[in-house]
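Each chain is listed here by its residues.
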Amino acid sequence: MIELHDHRIKRLKMRSMRRGIKEMDLILSHFSETALDQMNEEELVNYDLLLAENDHDLYSWVTGSAEAPAEFVPMIDQIVAGLQVPRG
């Protein structure tokens, strides 16, 4: 069965909010609200794969305490960029 685009977005947003650790709930729910609607199908598939990863690994990648696998580096960079607070 083929998943409709809108349904995929809703599912990914829900999976972003319901993680194993609160920090990743906050980080990924913010990212999903700001980025998913602009992603193409390939990026959505990659994000779906990213969500299948362990939360502790994801947190290590986002905080920079561990290097993310090459296939996730662009997505992790996007997530981290969304966490940056402008100074001024």
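Each residue is numbered by its place in its chain's sequence as written, counting from 1. Local features in a predicted model are, by the rule used here, given only for residues with pLDDT of at least 70; side-chain atom pairs are given and counted only at 80 or more, and totals for whole chains, interfaces and linings are based on all residues. As a convention, hydrogens and water are excluded, and side-chain values are obtained from all of the structure's heavy atoms.

Engineer: Explain the overall build of the protein to me, please; I cannot follow it from the model alone.
Structural biologist: Check the secondary structure of the protein and you find five helices and zero strands. Helices and strands appear in the protein in the N-to-C order α-α-α-α-α. Computed over the C-alpha atoms, the radius of gyration of the protein is 13 Å, within 12% of the 12 Å expected from 2.2 N^0.38 for a compact globule of 88 residues. With the C-alpha coordinates aligned to their principal axes, the bounding extent of the protein is approximately 40 × 30 × 25 Å. Partly exposed describes any residue whose relative accessible area lies between the buried limit of under 20% and the exposed limit of over 50%, with all areas from a 1.4 Å probe on protein chains only and scaled to the type maximum. Put simply, the protein has 88 residues, and 38% of those count as buried. Only heavy atoms matter for contacts: two residues are in contact if any of them lie within 4.5 Å across the pair. Taking all contacts inside the protein whose residues are at least 6 apart in sequence as the whole, residues at least 24 apart take part in 58%. Only the protein chains shown count as covering a residue, and every accessible area follows the Shrake-Rupley method with a 1.4 Å probe. For the protein, the accessible surface area stands at approximately 5,800 Å², while carbon and sulfur atoms represent 54% of it. His is not counted, nor are the chain ends, whereas Lys and Arg count as positive and Asp and Glu as negative. Taken as the charge centre is NZ of Lys, CZ of Arg, CG of Asp or CD of Glu, depending on the residue. Across the protein, the 9 positively charged side chains and the 16 negatively charged ones have centroids separated by 8 Å. Secondary structure elements follow DSSP: runs of H or I no shorter than four residues count as helices, runs of E no shorter than two count as strands, and numbering proceeds from the N terminus. Restricting the calculation to C-alpha atoms gives the radius of gyration, and the globule rule supplies 2.2 Å times the number of residues raised to the power 0.38.

Engineer: Help me understand the packing of helix H1 (residues 5–17) against helix H3 (residues 41–51), please; the structure alone is not making it clear to me.
Structural biologist: Helix packing for two helices is described by the angle between their axes and how far apart those axes are. Note on definitions: angles span 0 to 180 degrees between N-to-C directions of axes, and those axes are lines fitted to C-alpha atoms, for helices only across the stretch in contact. Viewed as axis vectors pointing N to C, H1 and H3 meet at an angle of 30°, and their least axial separation amounts to 11 Å. Viewed along their axes, H1 and H3 adopt a mutual orientation that is roughly parallel. In the packing of H1 onto H3, the handedness of the crossing is left-handed. Where H1 approaches H3, its residues His-5, Arg-8, Ile-9, Arg-11, Leu-12, Arg-15 and Ser-16 are matched on the opposing element by Glu-41, Leu-44, Val-45, Tyr-47, Asp-48 and Leu-51. Split into classes, the residues belonging to the contact of H1 with H3 amount to six nonpolar, two polar and five charged. Note on terminology: angles under 35 degrees are roughly parallel, angles over 145 are roughly antiparallel, angles of 65 to 115 are roughly perpendicular, and the others are oblique. By definition, turning the near helix anticlockwise from the far helix through less than a right angle yields a left-handed crossing, and turning it clockwise yields a right-handed one. Under the convention adopted here, Pro, Cys and the residues Ala, Val, Leu, Ile, Met, Phe, Trp and Tyr are nonpolar, Asp, Glu, Lys and Arg are charged, and Gly plus all remaining residues are polar.

Engineer: In this structure, what is going on with the environment of His-56? I would like to understand it.
Structural biologist: Within the secondary structure, His-56 is located in helix H4 (residues 55–63). His-56 gets classed as exposed once you look at its relative accessible area, which sits at 52%.

Engineer: Which parts of the structure should I look at to understand the packing of helix H2 (residues 22–35) against helix H5 (residues 73–83)?
Structural biologist: It is the contact of H2 with H5, at a shortest axis distance of 10 Å, that shows an interaxial angle of 95°. For the element pair H2 / H5, the angle class is roughly perpendicular. For the pair H2 and H5, the contacting residues are Ile-27, Leu-28, His-30 and Phe-31 in the first and Met-75, Gln-78, Ile-79, Gly-82 and Leu-83 in the second. Residue composition of the contact of H2 with H5, grouped by class: six nonpolar, three polar and no charged.

Engineer: How do you make sense of the nonpolar core when you look at a structure like this?
Structural biologist: Side chains that are nonpolar tend, in soluble globular proteins, to be buried together. Here the nonpolar core consists of buried residues drawn from Ala, Val, Leu, Ile, Met, Phe, Trp, Tyr and Cys, with membership extended through side-chain atoms lying within 4.5 Å. Judged by nonpolar contacts, the single largest core of 22 residues is most densely connected at Met-39, Tyr-47, Leu-50, Ile-76 and Ile-79. Taken together, the elements giving at least two residues each to this core come down to H1, H2, H3, H4 and H5. The greatest single-element share of this core, amounting to five residues, is contributed by H2. Not counting the four nearest positions on each side in its chain, Leu-50 is found in contact with Leu-58, Trp-61, Phe-72, Met-75, Ile-76 and Ile-79.

Read these as layout, nothing more, since geometry by itself doesn't imply function.
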